[in-house]
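Each chain, letter by letter, is given below.
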Amino acid sequence: MRKISVLFVTQAAVIAAMYVVLTFVSSSLGLASGEIQIRLSEMLVILPAFTPAAIPGLFLGCLLSNLLTGCTVIDIVFGSLATLVAAVLSYQLRNHKYPLLVTVPPVVANMIVVPFILKFSYGVPLPIPVMMATVGIGEVISCMVLGSVLYFALDKRRVIFHQS
């Protein structure tokens, strides 16, 4: 069995903390929930390209964010699981010829899961396909646009995520 290093746990904790803080910033700006959401924290979904510690970090960050911002139990569970699945899939794409493919799984996962959460947990009356489009637009902005900017900023400094 592989030992989990202090560095791994620290990186995961810092990523989770950053996710929570950025979600609170988005929430204070009115961007973190609803049919159209642009969570600044979602730009962190590119981090599995740099460290496997991002997988538990993103999951825990999303779980804590959803708990602390007053989401429903369904949102807490399924929203966090969508983030976990997306992080694992992004990690699998980390060595792909096109590195920004790591931004695709979070967009797709949230486009599929979040509209159902909005419909059945919050009673949003819009049709599911409309919410898939609105959630997808927000995810493209958060994950693909802001995430790509973060990716290229971090790619030059890979030493930040050095694994011991």
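What you see is a predicted model; the values in this text were computed from it and never measured.

### Quick look at the overall build of the protein chain
Argument step 1. In terms of regular secondary structure, the protein chain is built from five helices and zero strands.
Argument step 2. Helices and strands appear in the protein chain in the N-to-C order α-α-α-α-α.
Argument step 3. A globule of 164 residues ought to have a C-alpha radius of gyration of about 15 Å, and the protein chain, at 15 Å, matches this closely.
Argument step 4. The C-alpha extent of the protein chain, read off along each of the three principal axes, is 50 × 30 × 30 Å.
Argument step 5. Counting every position in the protein chain, which comprises 164 residues, the buried fraction comes to 44%.
Argument step 6. At a minimum sequence separation of 6, the contacts of the protein chain that also span at least 24 residues come to 67%.

### Observations regarding the state of the cysteines
Argument step 1. Per the stated rule, a full pass over the model turns up zero disulfides.
Argument step 2. The cysteine Cys 62 is free of any disulfide, with Cys 71 supplying the nearest cysteine sulfur at 8.2 Å.
Argument step 3. Classification of Cys 62 as buried rests on a relative accessible area of 3%.
Argument step 4. Looking at the unpaired Cys 143, the closest cysteine sulfur is the one in Cys 62, lying at 11 Å.

### Quick notes on helix H1 (residues 6–28)
Owing to its 3.6 residues per turn, the α-helix aligns residues three or four sequence positions apart on the same side.
Argument step 1. Over its 23 residues, H1 runs 33 Å from end to end, which matches the ideal 33 Å to within 8%, given 1.5 Å per residue.
Argument step 2. For H1, the full list of buried residues reads Phe 8, Gln 11, Ala 12, Ile 15, Ala 16, Tyr 19, Val 20, Thr 23 and Ser 26.
Argument step 3. On the buried face of H1, the contacting elements are helix H2 (54–68) and helix H3 (73–92).
Argument step 4. Backbone geometry just after H1 places Gly 30 at a positive phi near 75°.

### Considering the packing of H2 against H3
How two helices sit against one another is set out by the angle between their axes and by the gap between those axes.
Argument step 1. Orientation of H2 relative to H3, taken along the N-to-C sense of each, is 160°, at an axis distance of 9 Å. On the basis of their axis angle, the class for H2 and H3 is roughly antiparallel. Every pair of crossing elements has a handedness; the one defined by H2 and H3 is right-handed. Contact residues: H2 offers Ile 55, Leu 58, Phe 59, Cys 62, Leu 63, Asn 66 and Leu 67, while H3 offers Asp 75, Ile 76, Gly 79, Ser 80, Leu 81, Thr 83, Leu 84, Ala 87, Val 88 and Tyr 91.
Argument step 2. Among the residues forming the contact of H2 with H3, the class breakdown is 12 nonpolar, four polar and one charged.

### Concerning a nonpolar patch on the surface
Argument step 1. A cluster of nonpolar side chains, contributed by Phe 24, Leu 60, Leu 64, Leu 67 and Leu 68, occupies part of the molecular surface with about 440 Å² of accessible area.
Argument step 2. Looking at which element gives the most residues to the nonpolar patch, the answer is H2, with four residues.
Argument step 3. Since its relative accessible area comes to 49%, Leu 67 is described here as partly exposed.

### Comments concerning the packing of H3 against helix H4 (residues 104–122)
Argument step 1. Packing of H3 against H4 leaves a shortest axis separation of 9 Å and a crossing angle of 170°. On the basis of the axis angle, H3 is roughly antiparallel to H4. Side by side, H3 and H4 meet where Ile 74, Asp 75, Phe 78, Gly 79, Ala 82, Ala 86, Leu 89 and Ser 90 of the first sit next to Pro 105, Pro 106, Ala 109, Asn 110, Val 113, Ile 117, Ser 121 and Tyr 122 of the second.
Argument step 2. Within the contact of H3 with H4, the residues separate by chemical class into 11 nonpolar, four polar and one charged.

### What to know about the environment of Ile 55
Argument step 1. Tracing the backbone through its elements, the reader meets Ile 55 in helix H2.
Argument step 2. For Ile 55, a relative accessible area of 16% puts it in the buried group.
Argument step 3. Note: C-alpha distance between Ile 55 and Ala 86 (31 residues apart in sequence) is 8.8 Å.
Argument step 4. Setting aside anything within four residues of it in sequence, one finds Ile 55 in contact with Leu 84, Ala 87, Val 88 and Tyr 91.

Conventions and cut-offs
- Residues numbered from 1 in each chain as written.
- Predicted model: local features only at pLDDT ≥ 70, side-chain atom pairs only at ≥ 80, totals over all residues.
- Heavy atoms only, no water.
- Helix = DSSP H or I, 4+ residues; strand = E, 2+ residues; numbered from the N terminus.
- Rg over C-alpha atoms; globule rule 2.2 N^0.38 Å.
- Buried < 20%, exposed > 50% of the residue type's maximum accessible area, 1.4 Å probe, protein only.
- Contact = heavy atoms within 4.5 Å.
- Disulfide = S-S within 2.5 Å.
- Expected span 1.5 Å × (residues − 1).
- Axes fitted to C-alpha atoms, helices over the stretch in contact; angles between N-to-C directions.
- Parallel < 35°, antiparallel > 145°, perpendicular 65-115°, else oblique.
- Left-handed = near helix turned anticlockwise from the far one by under 90°.
- Nonpolar A, V, L, I, M, F, W, Y, C, P; charged D, E, K, R; others polar.
- Patch = residues over 30% accessible without salt bridge, like charges linked within 9 Å, V, L, I, M, F, W, Y side chains within 5 Å.
- Areas by Shrake-Rupley, 256 points an atom, 1.4 Å probe, with all protein chains shown as cover.
- Salt bridge = Lys/Arg side-chain N within 4 Å of Asp/Glu carboxyl O.

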